[in-house]
Structures are given as structure tokens and as C-alpha cells.
Amino acid sequence: MAPSSSSVVSLDGREVPYTVRRSRRATRIRIKANLKGITVVLPHRSSADPAAILRRKASWVRRHLDEIEQLRSRIPNRTFAPGARFPLLGRDRVVRVASVDRSRVTGPSLTSGDAFLLSRKRVAETSIRKELEKLYRESAREHYAARAQHFGAVMGVSYDSLQIRNQKTRWGSYSPRTGTLSMNYRLLMAPPSIVDYVIIHELAHVRHADHSPRFWRVVEQYDPAYREKETWLDEHGPTLIFDGRHL
């Protein structure tokens, strides 16, 4: 793991905490800004002064800190109790606990139900949070598999296996080496068209492993409005939160 340390720098009278991380893989100095704060990434043997770097980039740092504060105000405060609401395919559904054999989303399909119906027995054995996450993962596998099968047939591509994961910074990926399509279960919180875009994007990597113009032409062929979906994910992706572990 790359060594790190923490400090504080004053930028025009504003005290800004930051972390310094040294990386053997880094070839240049970078500043990262996200919900966890400011990080200066230095090549392992760099003698650069992180505080001086941040002072030189003070306007950039202040702008990104302001954007992060605005984003933080939009992050939902999740509670795990009966009556809580969580999004599924773009619509909020209420959490209910009942004496049922297995947990499920109510309704004939994921797009039509109005509740997460959790098994009282399973909740007693684990917790609402754990059982709800399990239901999200099971529902994600069902929905992603169906949509990937559909678009795979339309695009004339195939993959070998589907993994449901919880990446902090990625919604999906495709491995040409193993033929594995990996999808983030929290993407199931987004509207159906956003889910479809990510699946199209990853299946396009079956043809082109990079993000070359050829790759984007394939994406555009099957989702002409893909730029709008990218913008949606940039703006709303950080709010697709299950609990604080994903911040």
C-alpha cells in the first residue's frame, strides 16, 4: 500500500486539510479532489513540497472544494428501518418487513413494484441493511443478465460470466482476458436507460478494449444519446449511495 500522511495548508485564509500519498506507479504529481478531501499524489522519490503545490493551485483547489460541498449536500442520508425509501431503477421504493419466505421486490417486474419486501426471519438473522443489500445484489444480477443478453444479441457480442460487484469509482468493466462482465450493484438505483448505457459501453469493449474513436462509434451506434448518459452519471452518480461505505 502506498505510504500517506496528513497535513493542513492555508489557502487565502482557508484552512484546507489534505493527504499526501507517495506512489511507485506515479510518473507525475497529481492533485485529487473527492468526497474524502484533497490528496496530493507524488512519485515515490519526489522531493516536491505538497503545500507549495497546493498554494500554486489554490484557485483550482478552492473551486473543487466548493463543488464537493455542493455535492455533499445532495448525498442522501440513508436509514435502515421499515418505511425507509431507497431508489431502484430510478424510482424510490419503500422498505417493508413481513412474514414472507424470501425477500423480494413487489410487483410483476423490477420496474413496476413499489416496495422492497424483506423476510422478517432473514432480517432477524442478519439486519435490514444486510438483507436489503443482498436483495439489491440479487435483483441487479437478474436485471443486468437480462439486459446484457438483449444487447449482446443486438450487438453481436458475448461474454463468459457476470460478476456483481461494489466498486467505489466504477459502474462496470469488461475483462477481455477472462471474458468477465463486472457490474456495480448500486447502478441499479439509476434509471433503466442509464443501466442500459453502461451495459452497452462495457459490451462495446468486447470489440475494442480501449476508448478509441472506433470504440465510441460502436457505443453511439447502439446508444446515440450516450453523451447525455455520461453527463447524468457525472452529475448523479455520487448520489447512488447505499451506505457510508461508498463515500
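For the structure given in this document, a descriptive report is provided here. Note that the structure is a prediction, hence the values are computed from the model and not measured.

## Brief notes about the pairing of strand β8 (residues 115-119)
- Counting buried residues in β8 gives five out of five residues, a clear majority hidden from the surface.
- Residues Ala 115, Leu 117 and Ser 119 of β8 are buried on one face, and the alternating residues Phe 116 and Leu 118, pointing to the opposite face, are buried as well.
- When strand β7 (residues 104-105) meets β8, the two strands line up antiparallel, connected through two bridges. Across the sheet, residue Val 105 finds its bridge partner in β8, namely Phe 116.

## Some points on the sheet that holds β7
- Strands sit in the order β5-β6-β8-β7 across an open sheet of four strands; the sheet is mixed. If you trace the sheet from one side to the other, it starts and ends with β5 (85-88) and β7, each paired once.
- In terms of strand pairing, strand β6 (residues 91-98) meets β8 through five bridges, oriented parallel. Within the sheet, the bridge partner assigned to Val 97 lies in β8 and is Leu 118.
- Most of the contacts of helix α4 (residues 128-155) go to β8, to which it runs at about 120°, and overall it touches β5, β6, β7 and β8.

## Thoughts on the layout of surface pockets
- Within this model, the largest pocket holds a volume of roughly 1,400 Å³.
- For the largest pocket, the lining is made up of 48 residues, of which Asn 34, Leu 35, Lys 168, Thr 169 and Arg 170 are closest to its centre.
- Only β1 (4-11), β2 (14-23), β3 (30-34), β4 (37-43), α2 (58-74), β10 (172-175), α5 (192-207) and α7 (226-236) provide two or more residues apiece to the lining of the largest pocket.
- Of the residues contributing to the lining of the largest pocket, the split by class is 19 nonpolar, 17 polar and 12 charged.
- Here the second largest pocket defines a volume of roughly 160 Å³.
- Arg 102, Ser 103, Arg 104, Val 105, Gly 107, Pro 108, Ser 109, Leu 110, Leu 135, Glu 138, Ser 139 and Glu 142 are the residues that line the second largest pocket.

## Considering α5
- End to end, α5 covers 24 Å across 16 residues, agreeing with the expected 22 Å (1.5 Å per residue, within 8%).
- Counting buried positions over the 16 residues of α5 gives 12, a clear majority of the element.
- What α5 keeps buried is the set Ile 194, Val 195, Asp 196, Tyr 197, Val 198, Ile 199, Ile 200, His 201, Glu 202, Leu 203, Ala 204 and His 205.
- Each element contacted by the buried residues of α5 is listed here: α4, β10, β11 (180-184), α6 (213-222) and α7.

## Describing the packing of aromatic side chains
- This model, assessed by the stated rule, comprises nine aromatic pairs.
- Between Phe 86 and Phe 242 the ring centres are 5.8 Å apart and the planes differ by 45°, which places this aromatic pair in the tilted class. A residue pair is termed long-range when its members are at least 10 positions apart, and Phe 86 in strand β5 and Phe 242 in the segment after α7 qualify at 156 residues.
- Accessibility expressed as a relative area gives 0% for Phe 242, which makes it buried.
- Taken together, a centroid distance of 6.2 Å and an interplanar angle of 50° make the contact between Tyr 136 and Tyr 185 tilted. Linking Tyr 136 in helix α4 with Tyr 185 in the loop between β11 and α5, this pair joins segments that are 49 residues apart in sequence.
- Judged by its relative accessible area of 1%, Tyr 136 falls in the buried class.

## Description of the pairing of β5
- Of the strand pairs in this sheet, β5 and β6 are connected by four bridges, and their pairing is antiparallel. The partner of Leu 88 across the bridge, within β6, is Arg 91.

## A few points about the nonpolar core
- Of all hydrophobic cores here, the largest spans 45 residues; its most connected members are Phe 116, Tyr 136, Tyr 144 and Leu 187.
- Those elements giving two or more residues to this core turn out to be β5, β8, α4, β9 (161-165), β11, α5, α6 and α7.
- Counting residues per element, this core draws most heavily on α4, at nine residues.
- In terms of nonpolar packing, the next biggest core, distinct from the first, is built from 15 residues, Val 9, Ile 38, Ile 53 and Val 61 among them.

## Describing the packing of α6 against α7
- Packing of α6 against α7 leaves a shortest axis separation of 9 Å and a crossing angle of 100°. What the angle tells us is that α6 and α7 run roughly perpendicular. Of the residues in α7, those in contact with Trp 216, Val 219 and Glu 220 of α6 are Tyr 226, Arg 227 and Glu 230.

## Notes on the pattern of salt bridges
- Enumeration according to the criterion identifies 11 salt bridges in this entry.
- Of the charged contacts, one joins Arg 129 and Asp 243 as a salt bridge, the two residues approaching to 3.5 Å between their closest N and O atoms. Taken together, the residues span a long stretch of sequence, with Arg 129 in helix α4 and Asp 243 in the segment after α7 at a distance of 114 residues.
- One salt bridge in this structure joins Glu 138 and Lys 134, with 2.7 Å as the shortest N-O distance. One end of the pair, Glu 138, and the other, Lys 134, are both in helix α4, four residues apart, so they sit about a helical turn from each other.
- Note on Glu 138: relative accessible area 33%, which makes it partly exposed.
- Within the structure, one salt-bridge network assembled from shared partners comprises Arg 129, Glu 133, Arg 137 and Asp 243.

Cut-offs and rules
- Residues numbered from 1 in each chain as written.
- Predicted model: local features only at pLDDT ≥ 70, side-chain atom pairs only at ≥ 80, totals over all residues.
- Heavy atoms only, no water.
- Buried < 20%, exposed > 50% of the residue type's maximum accessible area, 1.4 Å probe, protein only.
- Helix = DSSP H or I, 4+ residues; strand = E, 2+ residues; numbered from the N terminus.
- Pairing = 2+ DSSP bridges.
- Contact = heavy atoms within 4.5 Å.
- Axes fitted to C-alpha atoms, helices over the stretch in contact; angles between N-to-C directions.
- 1 Å grid on protein atoms, 1.4 Å probe; cavity = no way out; pocket = protein on both sides within 12 Å on 5 of 7 lines; lining within 4 Å.
- Points joined across faces, edges and corners; volume = space filled by probe spheres on them.
- Nonpolar A, V, L, I, M, F, W, Y, C, P; charged D, E, K, R; others polar.
- Expected span 1.5 Å × (residues − 1).
- Phe/Tyr/Trp six-rings, centres within 6.5 Å; stacked < 30°, edge-to-face > 60°.
- Core = buried A, V, L, I, M, F, W, Y, C linked by side-chain atoms within 4.5 Å.
- Parallel < 35°, antiparallel > 145°, perpendicular 65-115°, else oblique.
- Salt bridge = Lys/Arg side-chain N within 4 Å of Asp/Glu carboxyl O.

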